[in-house]
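Okay, here's what each chain looks like letter by letter:
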Amino acid sequence: MSERDYYTNQLSYLEYLQLDLIGELLFTEIDVYETRKILLRAREFGMADDPDFKGLDAWYSGRKMEHSRIADQLEDVELDLAHVRFMLSRLNNKSDE
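Residues numbered from 1 in each chain as written. Predicted model: local features only at pLDDT ≥ 70, side-chain atom pairs only at ≥ 80, totals over all residues. Heavy atoms only, no water.

Asker: How would you explain the nonpolar core if you had to name every residue and give the values?
Answerer: Grouped burial of nonpolar side chains is what soluble globular proteins tend to show. Counting 14 residues, the largest nonpolar core has Tyr7, Leu21, Val77 and Val84 as its most contacted members. Where this core is concerned, the elements lending two or more residues are helix H1 (3-44) and helix H2 (51-96). Per-element tally for this core: the top contributor is H2, with eight residues. Sequence-distant contacts of Leu21, defined by excluding residues within four places in its chain, comprise Ile70, Gln73, Leu74 and Val77. (Core = buried A, V, L, I, M, F, W, Y, C linked by side-chain atoms within 4.5 Å. Buried < 20%, exposed > 50% of the residue type's maximum accessible area, 1.4 Å probe, protein only. Helix = DSSP H or I, 4+ residues; strand = E, 2+ residues; numbered from the N terminus. Contact = heavy atoms within 4.5 Å.)

Written out as structure tokens, the structure reads:
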């Protein structure tokens, strides 16, 4: 396998992974948003001390951490994508010479 083929395969894989992570990030963001709305409404109605809502508060914290983890992973993939695109452009420039 040539270097160009390697980086082309990597580019395809990383673009797929990027889209997958964006989907996960959006899904998690919606979860965080909806859960926060429920928790705020529960506090508004004085139900914040209810054990069910305590569990929901813990779940909310976990989802926020998951969102942060996915965002970090997405940043790593985007950095890898930049590297692969750079290497492909270098290989293309080298072949043009």
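Asker: Pulling in residues and values, what's your account of a negative patch on the surface?
Answerer: On the surface, a cluster of negative charge is made up of Asp72, Glu75, Asp76, Glu78 and Asp80. Structurally, the position occupied by Asp76 is in helix H2. (Patch = residues over 30% accessible without salt bridge, like charges linked within 9 Å, V, L, I, M, F, W, Y side chains within 5 Å. Areas by Shrake-Rupley, 256 points an atom, 1.4 Å probe, with all protein chains shown as cover. Salt bridge = Lys/Arg side-chain N within 4 Å of Asp/Glu carboxyl O. Lys, Arg positive; Asp, Glu negative; His and termini not counted. Charge placed at Lys NZ, Arg CZ, Asp CG, Glu CD.)

Asker: Quick one: what's the story with H1, residue by residue and with numbers?
Answerer: Between its first and last C-alpha, H1 extends 60 Å over 42 residues, near the 62 Å set by a 1.5 Å rise per residue. With its phi angle positive at about 75 degrees, Gly46 sits one or two positions after the end of H1. (Expected span 1.5 Å × (residues − 1).)

Asker: Tell me about a nonpolar patch on the surface, and name the residues and values.
Answerer: On the surface, a cluster of nonpolar side chains totalling about 280 Å² of accessible area is made up of Leu19, Ile22 and Leu26. With respect to the helices and strands, the residue Leu26 is situated in helix H1.

Asker: An account of the pattern of salt bridges is requested, with residue identities and associated values reported.
Answerer: Scanning the model with the defined rule gives six salt bridges in all. In this structure, Arg85 engages Glu15 in a salt bridge whose closest nitrogen and oxygen atoms are separated by 3.2 Å. With Arg85 in helix H2 and Glu15 in helix H1, this residue pair connects regions lying 70 residues apart in the sequence. Take Glu15: its relative accessible area is 33%, and that puts it in the partly exposed class. Its salt-bridge partner being Glu34, residue Lys37 comes within 3.5 Å of it at the nearest N-O pair. Here Lys37 pairs with Glu34, and both are found in helix H1, just three residues apart, close to one helical turn. Relative accessible area serves as the criterion here: at 40%, Lys37 is assigned to the partly exposed category.

Fair warning: the whole summary comes from geometry, so function is off the table for now.
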